[in-house]
Amino acid sequence: MRSTIGVMAFSLAIFVSISFFSKVTIAEDYNTNLKSALVTYQSAPVADKTKALIDLVSVTQARAVYMKSIAEDNPGLFLSLLLDSATLGTMPVEAKQFLEREVALKGTLRFVHYDTLDGSVFPDRYSLLNIVDKQEYALAFVNKPTYSLSGTVVSLSGVAIENMVVLDASRTVTLVSPALPFSTKGVQKTLVMLINFKNNTNQPFTPAYIREHFFGTRSVDAYYRENSFNQTSFSGDVTTWITVPYNMPTSCDSALLSDFKQSARNEAIKQGFNPDNYNRLAYLFIRMGACIWGGTGQIGGPESVYNGEGGIGVFIHELGHNLGLHHANFFDCGQLAIAPYSSCSSLEYRDYYDDMGSTSDFPFQFNGPHKFALGWLATSNTVTVTKAGTYTIAPLEKLANGPQILRIKKPDTYQIIDGKRYDDYYYFSYRQPIGFDADALLPPEMAAGASVHIWSGYIADKTQFIDTTPGDGIRPNSALRDGAQFADPINKIAIKQLKHDANGVTLQVFYNTVQVAGKAFNETTGKPIVGATIETCQVANPSTVTNSLGNFFFSVPIKGQFCVKINPVSQPGLSGPFLTTGFEGRVKYEFQIAGWDCAVLHGCNSWQTTLDRPVDNGYNFKYRQP
Ligand SMILES: [Zn+2]
């Protein structure tokens, strides 16, 4: 998987280490209280036996709630706090049902993804639908498995308290069969269950309101119909409010959620809805303050859960997970559009133009690779580019007769997922303000050119949105524009946008060369065109100016896409730091410019050029061929 942000992991580690010790203390207190309640029970005279048993069971139950609440975040701590077999052996049967036991289960894994309310990353979780008792078990792993799609069948063993199982995937999980391909098309028959609690029977939405948001005119159904070119739709039912026989939870573990969901299904049956008749189950709870997530979705599985959320954006997002998608991320390579992955970060969500990246009640359609992943684009709508040439693609929003996606292999990178290799590709698509994209106010810059993503082809691998104008901190201008290009100097691929209109965008694909700022370089020889003008450039960070071997060099992003090194041969009039203000007139500098990609391809590409004095802020300048 691609790199994430180290700083966040660091601050999280500090947080965990502080709370860890208090959790140990609390758990040890539970064990101490339990043992003393057991001694009290064992030594109680016959007359007091019943009361002592009730006390013991009560302590055991409270300990079980606590142990389940720490299992997912601290499975190692859970295992270190287990009772010794002598204590367990002498427990009366009434208490044993709340105590740890060894379990061996076999069933279907469900890979559950949680979406936090603030966009931070929440750890993915797993549950198992056990074949024998048809119960859902929450799984807490010491070492997580690699499976990332629901539907994988496994056998496993671990230590359980009620329906929470703690185990080690590297030692106690055996693959029985991998997840079968699942359909992303057709009618998704959905049962929405509205759920509140014994001590909180609020009904924040009416069933009619939720029915309209799932199946009405501006709904989940309408979104998926438009997005899929009428290949995927949603229909179904909404229950009236179900009050489960539990209080509003004060902790938020998956085992508790499984209990709530089981009760809700039982109540739905009483209302006349058989959950077995639906291929999507949506559990809409009133807001549970103990849970920091807004929604969860099984990736490639049937269930989604909502925490007080009632808008279509979050429904569409979690159901997108059910269809097998993961997030639409933004790929941040700093001042460069693309660079070796070690110097880039994949920022979670942050592809604002896809509801899997930025969830909104005015949702954008899915991006190019997501539509491809879901099988919504036919072969005739997809071009896998293998040679240089000019290609036109139609807007992504509605089905076209011709190409809507260009796929270009990115040979230097691939992903290994579930032990299988998936090659990265660039995906070029073209967005226009049509339908949901018009409602969501697609920015004009996004509609003026091709969007670029990287994706491996594995349905649940996150898509990576590329900013073709990096370093300016502005996201809407990430798309290409006429005359601009996206260049991958590592793979020597460049894609230049020639023109666009409402019907399509035309792109020229170059292999084995990187065309620098179009007009200035001969595309075949890589040499500069005499008299050509290279457009205004900006020195991104003047502090990168250094003095090496007597020569200056600094990096200049040209149109924000590509860097060249410029070695000044002479610096007439230059004194002090380069590119300071205070130069009068048009001072001529002579440079050798080595396009570092061109140097690989064409040998020496040095030439002389003229640098005008800084034109504003001291950092903008123009240079042109002499
Ligand atoms: Zn999500």
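Fair warning: this is a prediction, and the values are worked out from it, not measured in the lab.

About the criteria used
- Residues numbered from 1 in each chain as written.
- Predicted model: local features only at pLDDT ≥ 70, side-chain atom pairs only at ≥ 80, totals over all residues.
- Helix = DSSP H or I, 4+ residues; strand = E, 2+ residues; numbered from the N terminus.
- Buried ≥ 20, exposed ≤ 12 C-beta atoms within 10 Å, placed from the backbone.
- Core = buried A, V, L, I, M, F, W, Y, C linked by C-beta atoms within 7 Å.
- Contact = placed C-beta atoms within 7 Å.
- pLDDT = per-residue confidence, 0-100.
- Pairing = 2+ DSSP bridges.
- Axes fitted to C-alpha atoms, helices over the stretch in contact; angles between N-to-C directions.
- Expected span 1.5 Å × (residues − 1).

Chemist: Pulling in residues and values, what's your account of the overall build of the protein?
Modeler: Check the secondary structure of the protein and you find 13 helices and 31 strands. Considering the protein as a whole, with its 626 residues, one finds that 43% of them fall into the buried category.

Chemist: Report on the nonpolar core, specifying residues and quantitative values.
Modeler: Ranked by size, the top nonpolar core spans 123 residues in total, and within it Met193, Tyr283, Leu284 and Phe428 carry the most contacts. With six residues, helix H9 (residues 254-270) is the largest single contributor of residues to this core. In this view, Met193 contacts Thr239, Ile242, Ala264, Ala268, Tyr283 and Leu284; residues no more than four positions away in its chain are not counted. Of all hydrophobic cores here, the second largest spans seven residues; its members include Leu34, Leu38, Tyr41 and Ala95.

Chemist: An account of the confidence of the model for the protein is needed here, citing residue identities and associated values.
Modeler: Of the residues in the protein, 78% have a pLDDT of 70 or more, and the chain-wide mean is 80. Every residue in residues 3-18 is under pLDDT 50, and counting partners more than four places away or in other chains gives eight contacts. Long-range and interchain partners of residues 514-626, a stretch whose pLDDT sits below 50, account for 190 contacts in this model, where long-range means more than four residues apart.

Chemist: Pulling in residues and values, what's your account of the sheet that holds strand S18 (residues 420-430)?
Modeler: With mixed pairing, seven strands are arranged side by side in an open sheet as S14-S13-S20-S19-S18-S17-S15. Edge positions in the open sheet fall to strand S14 (345-347) and strand S15 (382-385), since each of these has one partner strand only. Averaged over all adjacent pairs, the angle separating strand axes in this sheet is 35 degrees, with direction ignored. Bridge analysis of S18 against strand S19 (residues 450-455) gives six bridges, and the strand direction is antiparallel. Looking across to S19, one finds that Tyr426 is bridged to Ile454.

Chemist: So what's going on with the environment of Ala494? Which residues, and what values?
Modeler: By the element assignment, Ala494 lies in strand S22 (residues 493-501). Between the alpha carbons of Ala494 and Ala388 there is a distance of 9.5 Å; along the sequence they are 106 residues apart.

Chemist: Outline the sheet that holds strand S21 (residues 485-488), supporting the account with residue identities and numerical values.
Modeler: Here we have four strands laid out as an open sheet, ordered S16-S23-S22-S21, and antiparallel in their pairing. Two strands in the sheet have a free side with no partner beyond their single neighbour: strand S16 (389-393) and S21. Neighbour-to-neighbour, the strand axes of the sheet open up by a mean angle of 20 degrees, direction not taken into account. Pairing of S16 with strand S23 (residues 504-511) involves five bridges; the strand directions are antiparallel. Bridge assignment links Gly389 to a residue of S23, and that residue is Val509.

Chemist: Outline helix H2 (residues 49-71), supporting the account with residue identities and numerical values.
Modeler: For H2, spanning 23 residues, the distance from its first C-alpha to its last is 32 Å, which sits close to the expected 33 Å at 1.5 Å a residue. Turning to H2, its buried residues are Leu56, Val59, Thr60, Arg63, Ala64, Met67, Lys68, Ser69, Ile70 and Ala71.

Chemist: Go over the pairing of strand S12 (residues 303-307), please, and point to the residues and values.
Modeler: In terms of burial, S12 is a largely internal element, five of the five residues being buried. Going residue by residue along S12, you find Glu303, Val305 and Asn307 tucked away on one face and Ser304 and Tyr306 tucked away on the opposite face as well. Here strand S10 (residues 280-285) runs beside S12; their pairing, made up of five bridges, is parallel. If you follow Leu281 over to S12, its bridge partner there is Glu303. Inspection of the sheet shows strand S11 (residues 293-298) paired to S12 by three bridges, in the antiparallel sense. Counted as the bridge partner of Thr296 is Val305 from S12.

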